[in-house]
Amino acid sequence: MIRKYLGLQLFAGVTILAASLGVGAGSSSAQQLAAHSDHQQQDTLPKSAARHGQSMAAATPGALPASSDVKPVRRSAAKGPYYVDFRARTAASYGHAFIWYGKTSEKAVEVAGLHPAGDTVPYVLGHVMFVPSETGASYGDLDEQYLTASYRVYLNEEDAKKVFAYIKHLQATSPVWNAATLNCTAFIGRVATFMGLKAPFHLLKPEEYVNQLRDLNGGRKTVQLAPDRGQTSQY
């Protein structure tokens, strides 16, 4: 009798332990399945996996909802599909200010900025006279390690077309550079003004200029052009 009683106790203990391990594994599986579905943007789980997740969630109190109840996370689309990024970087002298612009869903960027054409001599002469300029990318504009300041503003497609066209027009009509008047900060300031942003005085170091541009506009992230393109309203 004693042996039979001990045998029944041992069998009951093993059964309870196996059941508890099964419930724990089921809870972990349900949580992993629900977390996986929460990170997906476009793909959905197969129907069999979704049914499995629903049954596991129903059997396990506190488990995350099944994939059909999980809402995809919205990302930068709410800010606007296009952007203008006012940037500053280090240089051999006091730095350089320029613009990145493009579409948020694309890695490729357009670069615009005003700088003297050539090397050291035009740059030195440009402090006392006007010298020929270039308005595209210069050395270091695409390298993040040289970046010292950045202020990115998002736009809708209609406004982006107008702003991008203005940037290209400004590039085509800026044939000279001068350190005191037609310099890199004045160039990006004209773009900011066209967008309706408040622009600082242009005789500032590029890093300071971009930071002040952001501060003057309260760090706003989106702009919408008014019909006359001279004012903006915030989303």
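Up top is the structure these notes are about.
Novice: Looking at this structure, how should I read the layout of surface pockets?
Specialist: Using a probe with the size of a water molecule, rolled over the atoms, empty space left in the structure can be pinpointed. Empty space within the largest pocket amounts to approximately 690 Å³. Forming the boundary of the largest pocket are 30 residues, of which A91, S93, G95, P116 and Y123 lie nearest the centre. Of all the secondary-structure elements, those providing two or more residues to the lining of the largest pocket are β4 (115-116), α3 (120-125) and α5 (184-194). For the lining of the largest pocket, the class distribution of residues is 15 nonpolar, 11 polar and four charged.

Novice: Even after reading the chapter, I still don't get the nonpolar core, so can you show me in this structure?
Specialist: One recurring pattern in soluble globular proteins: nonpolar side chains tend to sit buried together. Ranked by internal contacts, the top residues of the largest apolar core, which has 35 residues, are V84, F86, V163 and M195. Of all the elements in the fold, those that place two or more residues in this core are β1 (82-89), β2 (96-103), β6 (147-155), α4 (157-172), α5 and α6 (206-216). The next biggest cluster of nonpolar side chains, apart from the first, holds five residues, and it includes Y83, F98, V111 and Y154.

Novice: Whenever I open this one, the pairing of β1 confuses me. Can you help?
Specialist: As a general feature of sheets, a regular strand has side chains that alternate between the two faces. Counting buried positions over the eight residues of β1 gives eight, a clear majority of the element. Across the two faces of β1 the burial is the same, with Y82, V84, F86 and A88 and Y83, D85, R87 and R89 all buried. Across eight bridges, the pairing between β1 and β2 is antiparallel. Residue pairing in the sheet places R87 in a bridge with F98 of β2. Hairpin connection of β1 to β2: six residues between the antiparallel strands, including G95 at a positive phi of 110°.

Novice: Looking at this model, I keep getting lost on the packing of aromatic side chains. Mind explaining?
Specialist: By convention here, two paired aromatic rings are described through the distance between centres and the angle between planes. Applying the stated criterion to the full structure yields seven aromatic pairs. Measuring from centroid to centroid gives 4.8 Å for Y101 and F164, while their planes differ by 50°, and the two rings are tilted. A residue pair is termed long-range when its members are at least 10 positions apart, and Y101 in strand β2 and F164 in helix α4 qualify at 63 residues. Comparing Y101 with F164, the two get one shared label, buried. Among the aromatic residues, ring-to-ring pairing joins Y82, Y101 and F164 into one connected group. Lying across the ring of W100, R87 places its NZ or CZ 3.5 Å from the centre. Positioned over the ring face of Y83 is R152, at 3.9 Å from the centre of the ring.

Novice: Which parts of the structure should I look at to understand the packing of α4 against α5?
Specialist: In helix packing, the relevant descriptors are the interaxial angle and the interaxial distance, both defined with respect to the helix axes. α5 packs onto α4 with a crossing angle of 150° between their chain directions and a minimal axis gap of 10 Å. Relative to α5, the element α4 is oriented roughly antiparallel. With respect to the hand of their crossing, α4 and α5 are arranged in right-handed fashion. Here α4 contributes K162, V163, Y166, I167, L170 and Q171 to the contact with α5, which in turn contributes F187, R190, V191 and F194. Grouping the constituent residues of the contact of α4 with α5 by class yields seven nonpolar, one polar and two charged.

Novice: Got a minute to help me understand the packing of α5 against α6 in this structure?
Specialist: Relative orientation of the contacting elements α5 and α6 amounts to 15°, with a least axis distance of 10 Å. In this view, α5 runs roughly parallel relative to α6, as classed from their interaxial angle. Pair α5 / α6 crosses with right-handed handedness. Across the interface between the two elements, C184, T185, I188, G189 and A192 of α5 pack against P206, Y209, V210 and L213 of α6. Here the residues of the contact of α5 with α6 sort into seven nonpolar, two polar and no charged.

Novice: Where do I start with the sheet that holds β2 in this structure?
Specialist: Hydrogen bonds along the backbone pair up the strands of a sheet, which may run parallel or antiparallel. Strand order in this open sheet of four strands is β3-β2-β1-β6, and the pairing throughout is antiparallel. Strand pairing shows two members of the sheet lacking a second neighbour, β3 (110-112) and β6, which therefore form its edges. Neighbour-to-neighbour, the strand axes of the sheet open up by a mean angle of 20°, direction not taken into account. For β2 and β3, the ladder comprises three bridges, and the chain directions are antiparallel. Residue pairing across strands places Y101 opposite E110, the latter belonging to β3.

Novice: Is there a simple way to think about empty space enclosed by the protein in this case?
Specialist: Here the structure, examined in full by the defined rule, presents two cavities of 30 Å³ or more. In this structure, the second largest cavity spans a volume of roughly 30 Å³. Every residue lining the second largest cavity is listed: R87, R89, F98, W100, G140, D141, L142, D143, E144, Y146 and L147. Going through the elements one at a time, β1 and β2 are the ones with two or more residues in the lining of the second largest cavity.

The rules we used
Residues numbered from 1 in each chain as written. Predicted model: local features only at pLDDT ≥ 70, side-chain atom pairs only at ≥ 80, totals over all residues. Heavy atoms only, no water. 1 Å grid on protein atoms, 1.4 Å probe; cavity = no way out; pocket = protein on both sides within 12 Å on 5 of 7 lines; lining within 4 Å. Points joined across faces, edges and corners; volume = space filled by probe spheres on them. Helix = DSSP H or I, 4+ residues; strand = E, 2+ residues; numbered from the N terminus. Nonpolar A, V, L, I, M, F, W, Y, C, P; charged D, E, K, R; others polar. Core = buried A, V, L, I, M, F, W, Y, C linked by side-chain atoms within 4.5 Å. Buried < 20%, exposed > 50% of the residue type's maximum accessible area, 1.4 Å probe, protein only. Pairing = 2+ DSSP bridges. Phe/Tyr/Trp six-rings, centres within 6.5 Å; stacked < 30°, edge-to-face > 60°. Lys NZ or Arg CZ within 6 Å of the ring centre and 35° of its normal. Axes fitted to C-alpha atoms, helices over the stretch in contact; angles between N-to-C directions. Parallel < 35°, antiparallel > 145°, perpendicular 65-115°, else oblique. Left-handed = near helix turned anticlockwise from the far one by under 90°. Contact = heavy atoms within 4.5 Å.

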